[in-house]
Amino acid sequence: PTDKEITKMITKWVIEQAVDDIDFLSILGDRDEAKAFGQFGYSLDGWAKIIRTALANTTNPVYKIPSDVITEANVISVLKNFERKFPKLFKSKIKEIHLSTNVLEMYAEAYEQEYKNSPNYEEGNAAKAPSKTRKLIGHDDLPDNIVWATIDGNMLKLIDILDNDPVFTDVQVEKYKVLMFGEFERGYSLLLNQAVCVMDFTGTVLGLGDAEIELADGTKKKQMELFYPHETVAPAIP
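Scope of this entry: the structure provided in the associated data block. (Residues numbered from 1 in each chain as written. Predicted model: local features only at pLDDT ≥ 70, side-chain atom pairs only at ≥ 80, totals over all residues. Heavy atoms only, no water.)

**Concerning the layout of surface pockets**
So, step 1. Looking at the largest pocket, its volume works out to about 400 Å³.
So, step 2. Listing elements by their share of the lining of the largest pocket, those giving two or more residues are α1 (5–28), β6 (167–174) and β7 (177–183).
So, step 3. At four residues, α1 tops the list of elements feeding residues into the lining of the largest pocket.
So, step 4. In terms of residue class, the lining of the largest pocket is made up of eleven nonpolar, five polar and three charged. (1 Å grid on protein atoms, 1.4 Å probe; cavity = no way out; pocket = protein on both sides within 12 Å on 5 of 7 lines; lining within 4 Å. Points joined across faces, edges and corners; volume = space filled by probe spheres on them. Helix = DSSP H or I, 4+ residues; strand = E, 2+ residues; numbered from the N terminus. Nonpolar A, V, L, I, M, F, W, Y, C, P; charged D, E, K, R; others polar.)

**Quick word on the sheet that holds strand β1 (residues 63–66)**
Pairing between sheet strands relies on hydrogen bonds along the backbone, with the strands arranged either parallel or antiparallel.
So, step 1. Ordered by their spatial adjacency, five strands build an open sheet running β1-β9-β4-β2-β3, and the pairing between neighbours is mixed. Taken across any chain shown, the strands that pair with only one partner, and hence form the sheet edges, are β1 and β3 (135–139). Ignoring strand direction, the axes of neighbouring strands in this sheet form an average angle of 25°.
So, step 2. With three bridges connecting them, strand β2 (residues 94–100) and strand β4 (residues 148–151) associate as antiparallel partners. Within β4, the residue paired with H98 across the bridge is W148.
So, step 3. Relative to strand β9 (residues 196–200), helix α2 (residues 47–56) is tilted by about 85°, and along the sheet it contacts β1, β4 and β9.
So, step 4. Packing of helix α3 (residues 75–84) onto the sheet brings it into contact with β1, β2, β3, β4 and β9, and relative to β9 it is tilted by some 145°. (Pairing = 2+ DSSP bridges. Axes fitted to C-alpha atoms, helices over the stretch in contact; angles between N-to-C directions. Contact = heavy atoms within 4.5 Å.)

**Quick look at helix α4 (residues 101–115)**
So, step 1. The end-to-end C-alpha separation of α4 is 21 Å, in line with the 21 Å expected for 15 residues at 1.5 Å each.
So, step 2. Every buried residue of α4 is listed here: T101, V103, L104, M106, Y107, A110 and Y111.
So, step 3. Those residues of α4 hidden inside the fold are in contact with α3, β2 and β3. (Expected span 1.5 Å × (residues − 1). Buried < 20%, exposed > 50% of the residue type's maximum accessible area, 1.4 Å probe, protein only.)

**Things to note about a negative patch on the surface**
So, step 1. On the surface, D20, D23, E72, E105, E109, E112, E123, D140 and D141 cluster together into a patch of negative charge.
So, step 2. Among the secondary structure elements, those contributing two or more residues to the negative patch are α1 and α4.
So, step 3. When residues in the negative patch are grouped by element, the largest group, three residues, is from α4.
So, step 4. One can find E112 in helix α4.
So, step 5. What makes E112 partly exposed here is its relative accessible area of 38%. (Patch = residues over 30% accessible without salt bridge, like charges linked within 9 Å, V, L, I, M, F, W, Y side chains within 5 Å. Areas by Shrake-Rupley, 256 points an atom, 1.4 Å probe, with all protein chains shown as cover. Salt bridge = Lys/Arg side-chain N within 4 Å of Asp/Glu carboxyl O. Lys, Arg positive; Asp, Glu negative; His and termini not counted. Charge placed at Lys NZ, Arg CZ, Asp CG, Glu CD.)

**Let's talk about the environment of F24**
So, step 1. Within the fold, F24 resides in helix α1.
So, step 2. Given a relative accessible area of 29%, F24 falls into the partly exposed group.
So, step 3. For the pair F24 and G138, spaced 114 residues apart in sequence, the C-alpha separation works out to 13 Å.
So, step 4. The contact partners of F24, leaving out residues within four places of it in the chain, are G29, F40 and D141.

**Details of the packing of α1 against α2**
So, step 1. The geometry of α1 relative to α2 is characterised by a closest axis approach of 4 Å and an angle of 5° between their N-to-C directions. As summarised for this structure, α1 and α2 are arranged roughly parallel, according to the angle between their axes. Of the residues in α2, those touching α1 at S26, I27 and L28 are W47, A48 and K49.
So, step 2. Classifying every residue of the contact of α1 with α2 gives four nonpolar, one polar and one charged. (Parallel < 35°, antiparallel > 145°, perpendicular 65-115°, else oblique.)

**A word on the pairing of β4**
So, step 1. Across three bridges, β4 lies against β9 in antiparallel orientation. Of the residues in β9, the one forming a bridge with W148 is V198.

**Observations concerning the packing of aromatic side chains**
So, step 1. Counted under the stated rule, the structure contains eight aromatic pairs.
So, step 2. Ring geometry for Y63 against Y228: centres 5.2 Å apart, planes inclined by 80°, an arrangement best described as edge-to-face. Remark: Y228 occurs in the segment after α5 (223–227) and Y63 occurs in strand β1; sequence separation between them is 165 residues. Take Y63 and Y228: they sit in the same class, and that class is buried. (Phe/Tyr/Trp six-rings, centres within 6.5 Å; stacked < 30°, edge-to-face > 60°.)

If you want it as structure tokens, here you go:
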């Protein structure tokens, strides 16, 4: 059976699908120990889950930036607001903004309509944020209501032994069945939540909010004062 052309073709499809599946899991995976064995989608936490969890974390909060819900009409202004409210401490160190491919396409269309008659119009800028200093990174499976940015090195790719696409390590023939066995290792995390800027479509507080941290001497200090001592923020509605 392993020499049949149909088997070779199906094997090619299976490998391609395995790569697509890992790309899907990297964005929409939702780790669940009870379901991870035998059910697809539960083997790791993808970036959608990681950002949502970080956004809800009040102990180690992300830097929230209140935002209107993104639409075709306001996508440029929403992204402009997002960039302008990055904390000054590392604004120049943020080089990418992560969003859905759908929002990226909305932005590209809006950018063309807004600036196509401008003498400074450049088609390549449709993949850059309004400031033109940052790339817009689109993720195919990411929901439209998840947008974030952070400094280089803060998004961790966790590996154990393997750092590659799925590998099929064994092929066995059982009568007329071809059994394929493979494995992959993948995991993601954030190094420091407080250095992640996330669009907040429901809240009105800019920054880390009222979160406190206990210092070595037992005293407590506002995290905004600790991480961003020169940043002045107040509850804000975009």
